[in-house]
Amino acid sequence: MTSNLLKIGFIGGGKMAQAMAKGFISAGLAKGETMISSCHPSDVASAKAFKDLGAESLFENVPVVEKSDVIIVSVKPSVVPIALGDIKNAPDIKADKLFLSIAMGVTIKQLEQYLPKECRVVRVMPNIPALVRSGASVFVTGSKATDRDAQLTKKLLKSVGTCEQVTENLLDAITALSGSGPAYIYILIESLADGGVKMGLPRDLAYRLASQTVLGAAQMVRDTNVHPGVLKDDVTSAAGSTAAGLHVLEQKVRAWMEWQIVVVFMKCGPVGTAAHTDPPPQRVLINTSLFKGFSFWKLLCGGGWLQSANLQRLIWKELKGKLAQQFHFSCCARFKEGIVNTTTYKSN
Ligand SMILES: NC(=O)c1ccc[n+]([C@@H]2O[C@H](COP(=O)([O-])OP(=O)(O)OC[C@H]3O[C@@H](n4cnc5c(N)ncnc54)[C@H](OP(=O)(O)O)[C@@H]3O)[C@@H](O)[C@H]2O)c1
C-alpha cells in the first residue's frame, strides 16, 4: 500500500511542516515512511519530531528533493533563497518536481527564480489548524504548474482542512486574515476564559466552554451561510445581558480586530530577499494628521491610520522630497470612525 502513496518531502521541518505531515497521516494520504524532511542541523527537536512520525529526517535539502515526488518548502521566508539555492546549485539534480511553498510573502516569481527552471511551483498559504485537519488554505499556481498539479495541491490541502485556488494579488490579505488569524482567535479564547475565571469559573471549564463557543459560532457562520450580523441579532434580546456585552465589544474590539488585519497586511510583502531589509518599505501607513499638519515625521511603516498599497513607493519618494505641491493619494483609509472605502485625499 505504501508504494502507492506519494513521497512527500519537507524542506524545513518546523511547526507548519509537522502540522501538515501529521494532517496528511491522519487523512491517510501519507504514512510516516513516505515522508522525509530536512531540518537545520541545530534543530534537533524538529528532526526528532519527524523521526517520531516514522519519517526520515536529514540535515541536507538536496536528498529530500531527490527522494520526493512533492516538496513542501516550509522554512522561514528569509531562509527560502538559501534553502532553494542548495537545490539550484546541486549538480545533476533531477528537480522536475512539484514544489509547494508555504513561505509567507515569497512570490511565485521569486520561487521560480530561486529554483531550477524545470521545477513546477505552487504557492500556498495554509494555517496552523491543519494540525487538527481544520486548516484554511489557499494556493496559487506558478507558470509551469499543470492542472494535475493544482488538483494534487487541492487534494493534499483538503486532507487537512479547506482549500481554494486564488490569484496571487490576494495572498497578502489572506496571510493577514487566515494565516495569522488563529493567533487572534487564541487571544480571544484566552480572554473569554479569563473573564469566566474572574467571575468564578474553574479555569479548565472556562477554556472548554470558550473554545467550544468559538468553534460552534464559527460553524454557525460557515454552515448556515447566514450573515454574522444576523446571527448576532438573533441572540441579542432588547436590554438583555448579551446587548450589554456587545456594547463594549462594538466600541473596543470590532475596530481593532479589523485594524490588525490591515496592519498585518501592511507587513506582508516580498520577503525572503534582501529587499525586506532595505527602505523604502513595501507599504506605507500614514497618519491622517499628515494631511492636515504636514507632520511628515508621523509617516510610519507598520503603524498609522491611512494606507496606500498601490502607491506605496511613490508616496515614500514624494514624502522624502518633503512634498512641496498638492498631492492626491488614492488610499484605503482606515481612520478613527472605521474603514472608509478607497478615497482620494488632497494635501490642501
Ligand atoms: N506558523 C504558521 O502559523 C504559519 C502559517 C502559514 C504559513 N507559515 C509559513 O510556514 C513557514 C514555516 O513556518 P513555521 O512556523 O513552521 O516556522 P518554524 O517552526 O521556524 O520552521 C522553520 C524550520 O526550518 C528550519 N530551517 C532553518 N534553516 C534551514 C535550512 N537552511 N534548511 C532546512 N531547514 C531550515 C528551522 O530550523 P531552526 O529553528 O533551527 O532555524 C525550522 O525548523 C514560514 O515560511 C511561514 O511563513 C506559517
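Model, not experiment: these values are computed from the prediction.

Peer 1: How should I be thinking about the overall build of the protein in this particular structure?
Peer 2: Looking only at helices and strands, the protein features 13 helices and 13 strands. Intrachain contacts of the protein at a sequence separation of at least 6 include 60% that bridge at least 24 residues.

Peer 1: Any chance you could explain the site of the ligand here in plain terms?
Peer 2: In the region of the ligand, 29 residues are neighbours, and Gly-12, Gly-14, Asp-43, Ala-103 and Met-104 sit closest. Elements that contribute at least two residues to the shell around the ligand include exactly helix 1 (15-26) and helix 4 (80-88). Counting residues per element, the shell around the ligand draws most heavily on helix 1, which supplies three residues.

Peer 1: Explanation requested: the sheet that holds strand 1 (residues 8-11) in the structure shown.
Peer 2: Whether parallel or antiparallel, the strands of a sheet pair through hydrogen bonds between backbone atoms. With mixed pairing, eight strands are arranged side by side in an open sheet as 3-2-1-4-5-6-7-8. Since the sheet does not close on itself, it has two edges, and those belong to strand 3 (56-58) and strand 8 (161-165), each with one partner. The mean inter-strand angle of the sheet, taken between neighbouring strand axes irrespective of direction, is 20°. In this sheet, strand 7 (residues 135-141) lies alongside strand 6 (residues 120-125) in antiparallel orientation, the contact comprising four bridges. Considered in strand 7, the bridge of Arg-123 is made with Val-140. Packed onto the sheet, helix 1 meets strand 1, strand 2 (35-38) and strand 4 (70-73) and runs at close to 170° relative to strand 1. Helix 7 (residues 171-179) contacts strand 6 and strand 7 of the sheet and is inclined by roughly 45° relative to strand 6.

Peer 1: Explain the nonpolar core to me, please; I cannot follow it from the model alone.
Peer 2: Nonpolar side chains tend toward joint burial in soluble globular proteins. Counting residues in hydrophobic clusters, the biggest one holds 59 residues, and the most contacted among them are Met-20, Ile-72, Val-73, Phe-99 and Leu-100. Among the elements that take part in this core, helix 1 stands out by supplying six residues, more than any other.

Peer 1: What is the right way to read the confidence of the model for the protein from this model?
Peer 2: As a general rule, the predicted coordinates of low-pLDDT regions are not to be interpreted in detail. Per-residue pLDDT for the protein averages 81, and the proportion of residues at 70 or more is 76%. Low pLDDT, under 50, characterises residues 272-348; the stretch is placed with 105 contacts to residues that sit more than four places away or in other chains.

Peer 1: So what exactly am I meant to see when it comes to the pairing of strand 5 (residues 98-101) here?
Peer 2: For a regular strand, the rule is simple: side chains alternate between the two faces of the sheet. Side chains of strand 5 alternate between two faces, with Leu-98 and Leu-100 and Phe-99 and Ser-101 buried alike. Direction of pairing for strand 4 relative to strand 5: parallel, over a ladder of four bridges. From the neighbouring strand, Ile-72 faces strand 5, where its bridge partner is Leu-100. For the crossover from strand 4 across helix 4 to strand 5, the handedness is right-handed. As defined by bridge partners, strand 5 adjoins strand 6 across four bridges and the pair is classed as parallel. Pairing of Ser-101 across the sheet is with Arg-123, part of strand 6. Handedness of the crossover joining strand 5 and strand 6 through helix 5 (residues 108-114) is recorded here as right-handed.

Peer 1: I'm lost on helix 4 in this one. Help?
Peer 2: An α-helical turn contains 3.6 residues, so a residue and the one three or four places further along point in the same direction. Val-80, Ala-83, Leu-84 and Ile-87 are the residues of helix 4 that are buried. Projection of helix 4 onto a plane perpendicular to its axis shows the buried side chains occupying an angular sector of 90°, all on one side. The secondary structure elements touched by the buried residues of helix 4 are strand 1, helix 3 (62-67), strand 4 and helix 5.

What counts and what doesn't
- Residues numbered from 1 in each chain as written.
- Predicted model: local features only at pLDDT ≥ 70, side-chain atom pairs only at ≥ 80, totals over all residues.
- Helix = DSSP H or I, 4+ residues; strand = E, 2+ residues; numbered from the N terminus.
- Contact = placed C-beta atoms within 7 Å.
- Near = placed C-beta within 6 Å.
- Pairing = 2+ DSSP bridges.
- Axes fitted to C-alpha atoms, helices over the stretch in contact; angles between N-to-C directions.
- Core = buried A, V, L, I, M, F, W, Y, C linked by C-beta atoms within 7 Å.
- Buried ≥ 20, exposed ≤ 12 C-beta atoms within 10 Å, placed from the backbone.
- pLDDT = per-residue confidence, 0-100.
- Right-handed = clockwise from strand over helix to strand, strands pointing away.
- Arc of directions from axis to C-beta.

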